[in-house]
Amino acid sequence: MASSDPSKRPRPGPWPPAPESAAMPPSSWAKRTGFRPKFSGETNASDSGQITSLPPPQQPPQAQAKPRQPDANLDLEAGRPRPSPTSNGEAVVARDREKERDKEKDKEKELTTPVRKRRDSDGGKNLAANGQPAAGEGSRRVARNEEAAAVDMLPQSVMDDDGFVARHSHMKYELRDTPGLVPIGLYGFQHFLSMLGSVILIPLVIVPAMGGTYEDTANVVSTVLFMSGVTTLLHTSFGSRLPLIQGPSFVYLGPALAIINSPEFLGLNGNNFRHIMKELQGAIYIGAAFQAFLGYSGLMTILVRLINPVVVSPTIAAVGLSFYSYGFPRVGTCIEIGVVQILLVVIFSLVPLSLFITWATAFLLTESGVYSYKGCDPNIPASNIISDHCRRHSRMKSCRRFSHALRSSPWFRFPYPLQWGTPVFHWKMALVMCVVSIISSVDSVGSYHASSLLVASRPPTPGVLSRGIGLEGLSSILAGLWGTGTGSTTLTENVHTVAVTKMGSRRAVELGAFVMIILSLIGKVGGFIASIPEVIVAALLCFMWAMLTALGLSNLRYSEAGSSRNIIIVGLSMFFSLSIPAYFQQYGISPNSNVSVPSYFQPYIVASHGPIHTKSSGLNYVLNTLMSLHMVVAFLVAVILDNTVPGSQQERGVYVWSEPEAARREPAVCKDYELPFRVGRLFRWVKWVGL
């Protein structure tokens, strides 16, 4: 008989009541409150803050329970109902329920602990001897789920049974989508607008450094636009097939300046531009051939095992940081225009819009006579000017808009190969470019992996990766023949643009490439770009290099960024990438020495005074030049430490590439990466250039 005392009656609960012996699911309170634990069997959170779903631990059938209804009197900290103080009887009943639930949780821990221990004993993975998931459906599913966690999949993605992305809900258009002409045109134009800074600014630095005129600058800019469009079409069709723009990279800018400022070129008379450009073309040609061999021979599949986010991150960040001596010192030559340009590009976050505003301002000030030379010769170096009046007005050259470049440019010009003459080959310069091509490949590997997580059904196979690197080598060979002054590689900023615009279709990139080819044929476009004042170029480069540094460091989100191991490796790599080149650049230069190059080019003349002295002058040139490049030092330190200091695969963020056999069985992966026009069937026997 039930007790008639109302104080001893149990408080009514949800109907139907759950069995007393049933265990309360550990995830029910977390799901109701929205709490996401960092370490639990329900979710796995990396240090970057992104959370990926993991399969729940397998439990016996008797341990499964029906989820309870939400309780309004829920303790968010303890995950259980609070005891109500309304009556002593209800408080006693509540305490008894708490004890029972504590016992039930202890039973659940006993059931789930063996599963976790078994996973932990395997190091968080279940892999075969070759590093790929072992055979068997259960083991393969567990391994791929944990590999998906290691590469830090986006939480908005829909996961399939194997743990990879099946459909990217956060993207408007994916890799093989073909939207209408209007979306393709708008997004394609936006893609190349964001890349315009990288594409056009490099010629504005290297051509004047070689002694070229404004007409030479306009012609090189047109050539760069043409080759960027052609190589992008080649890469989206026969390379990795990801929506990645190809063009001149800042990876090649430092080595190009080092070759331009070689000791043998300092005393040249006459047209220095064509002579130095032919030397630069020969070095790029040999370095590109080495990169093509690295990809198509299959050696890239071996090298990629050493390349992980902890290596890519400091290497790319060092590329941006290496130009600190050029950036603001050049902005300071015309501070009123340079600082305004930096502020505008930060406010609008769009290079073309801020460029148009400051270019128009410089045009008005130049035409109104504010930036006139006041009777002084602008071609005399500032160090040789005696008059205080001319010394004050010598800076006007950096502020002025060069209208002569726009007026002298033809309306139509077709870039053609060997337009500067036959390339000249020197083994010491070619060897420097071969090492630089490896750094360029490291940059591309990080871009391939990041973009595939955004737009593709699965990451590419090692064969597709090698095929992309090989085609980048062929693209750089074309760039050397046409004379762009730098090699061609994947632009890192493109991945950020894909994530922001949510446009992952390769059709948008291909349409933008056609537009670039058309613009390259209009000579006035190159003339307009060549007329940009030097200080505006320097201000834009400050923004671009800062973005490149940030994008490089963002690769750490694929690893455990809070790991002390990774912090030490990245910290040492970044510090030595600045300190060691500074030692080489300052060695042998006294404070009062008269250097024949401007101060912002002094870091690139280390070949003439570096600390390494052997009997071979060519070997001295190669070693001194390479050790003065920040990205080379960062790569060497990072790749050695990351592959020698112990660390788990998840901690290191080891890149996970698709298995070739599994990729061939999945139609979605084949459609993403297979070559068009059935070209892949001709190369099925070459395993490192296909799926």
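Residues numbered from 1 in each chain as written. Predicted model: local features only at pLDDT ≥ 70, side-chain atom pairs only at ≥ 80, totals over all residues. Heavy atoms only, no water.

Before going further, it helps to spend a moment on the packing of aromatic side chains. Across all of its chains, the model carries 14 aromatic pairs by this definition. For the ring pair tyrosine 285 and phenylalanine 425, a centre distance of 6.1 Å and an interplane angle of 70° mean the geometry is edge-to-face. One end of the pair, tyrosine 285, is in helix α7 (residues 272-296); the other, phenylalanine 425, is in the loop between α15 (403-408) and α16 (427-455), and 140 residues separate them in sequence. In this structure an aromatic cluster arises from ring pairing among Phe250, Phe323, Tyr326, Trp545 and Phe601. Cation over ring: lysine 428 sits above tyrosine 621, and NZ or CZ is 4.7 Å from the ring centre. Cation over ring: lysine 524 sits above tryptophan 411, and NZ or CZ is 5.5 Å from the ring centre. (Phe/Tyr/Trp six-rings, centres within 6.5 Å; stacked < 30°, edge-to-face > 60°. Helix = DSSP H or I, 4+ residues; strand = E, 2+ residues; numbered from the N terminus. Lys NZ or Arg CZ within 6 Å of the ring centre and 35° of its normal.)

Another point: empty space enclosed by the protein. All chains considered together, the criterion is met by 5 cavities of 30 Å³ or more. One number sums up the size of the largest cavity: a volume of about 130 Å³. Lining the largest cavity are 15 residues; nearest its centre among them are Gly254, Ser322, Tyr604, Leu629 and His630. Here the lining of the largest cavity is built from residues that sort into 10 nonpolar, 5 polar and no charged. (1 Å grid on protein atoms, 1.4 Å probe; cavity = no way out; pocket = protein on both sides within 12 Å on 5 of 7 lines; lining within 4 Å. Points joined across faces, edges and corners; volume = space filled by probe spheres on them. Nonpolar A, V, L, I, M, F, W, Y, C, P; charged D, E, K, R; others polar.)

Summed over all chains, the structure comprises 7 salt bridges. With a closest N to O distance of 2.5 Å, aspartate 672 and arginine 176 form a salt bridge. Taken together, the residues aspartate 672 in helix α27 (residues 667-673) and arginine 176 in the loop between β6 (165-168) and α4 (181-209) connect sequence positions 496 residues apart. Residue classification places aspartate 672 among the buried positions, given a relative accessible area of 2%. For arginine 176, a relative accessible area of 38% corresponds to the partly exposed category. Salt-bridge contacts for arginine 458 lead to glutamate 666; the nearest nitrogen and oxygen are separated by 2.7 Å. Taken together, the residues span a long stretch of sequence, with arginine 458 in the loop between α16 and α17 (462-482) and glutamate 666 in the loop between α26 (660-665) and α27 at a distance of 208 residues. Note on arginine 458: relative accessible area 7%, which makes it buried. (Salt bridge = Lys/Arg side-chain N within 4 Å of Asp/Glu carboxyl O. Buried < 20%, exposed > 50% of the residue type's maximum accessible area, 1.4 Å probe, protein only.)

Let's shift gears to α16. Here α16 contains 29 residues, and its C-alpha end-to-end distance of 41 Å stays within 8% of the 42 Å for a straight helix at 1.5 Å per residue. In terms of burial, α16 is a largely internal element, 25 of the 29 residues being buried. (Expected span 1.5 Å × (residues − 1).)

Right, let's get into a nonpolar patch on the surface. A cluster of nonpolar side chains, contributed by Phe328, Ile335, Val339, Leu343, Ile347, Phe348, Leu353, Phe356 and Ile357, occupies part of the molecular surface with about 820 Å² of accessible area. Taken together, the elements giving at least two residues each to the nonpolar patch come down to α11 (335-348) and α12 (351-367). The element contributing the most residues to the nonpolar patch is α11, with 5 residues. Counting through the fold element by element, isoleucine 357 comes out in helix α12. (Patch = residues over 30% accessible without salt bridge, like charges linked within 9 Å, V, L, I, M, F, W, Y side chains within 5 Å. Areas by Shrake-Rupley, 256 points an atom, 1.4 Å probe, with all protein chains shown as cover.)

Glancing now at the packing of α16 against helix α18 (residues 493-501). Packing of α16 against α18 brings their axes to within 9 Å, and their N-to-C directions diverge by 15°. In terms of their interaxial angle, α16 and α18 are classed as roughly parallel. The two elements α16 and α18 cross, and the hand of that crossing is left-handed. Residues Ser447, Ala450, Ser451, Leu454 and Val455 of α16 pack against Val495, Val498 and Ala499 of α18. Here the residues of the contact of α16 with α18 sort into 6 nonpolar, 2 polar and no charged. (Axes fitted to C-alpha atoms, helices over the stretch in contact; angles between N-to-C directions. Parallel < 35°, antiparallel > 145°, perpendicular 65-115°, else oblique. Left-handed = near helix turned anticlockwise from the far one by under 90°. Contact = heavy atoms within 4.5 Å.)

Core analysis: the biggest nonpolar cluster contains 115 residues, and Phe250 and Leu253 have the highest contact counts within it. At 12 residues, the largest contribution of residues to this core is made by α16. By size, the runner-up hydrophobic cluster in this structure holds 6 residues, among which are Ala317, Ile569, Val570 and Met574. (Core = buried A, V, L, I, M, F, W, Y, C linked by side-chain atoms within 4.5 Å.)

Moving on, we get to unusual backbone geometry. Of note in the backbone geometry, arginine 241 takes a positive phi value of approximately 70° without being a glycine. Along the polypeptide, arginine 241 turns up in the loop between α5 (214-238) and β7 (246-248). Non-glycine residue lysine 502 carries a positive phi angle of around 60°. Structurally, the position occupied by lysine 502 is in the loop between α18 and α19 (506-520). You can call lysine 502 partly exposed: its relative accessible area is 33%.

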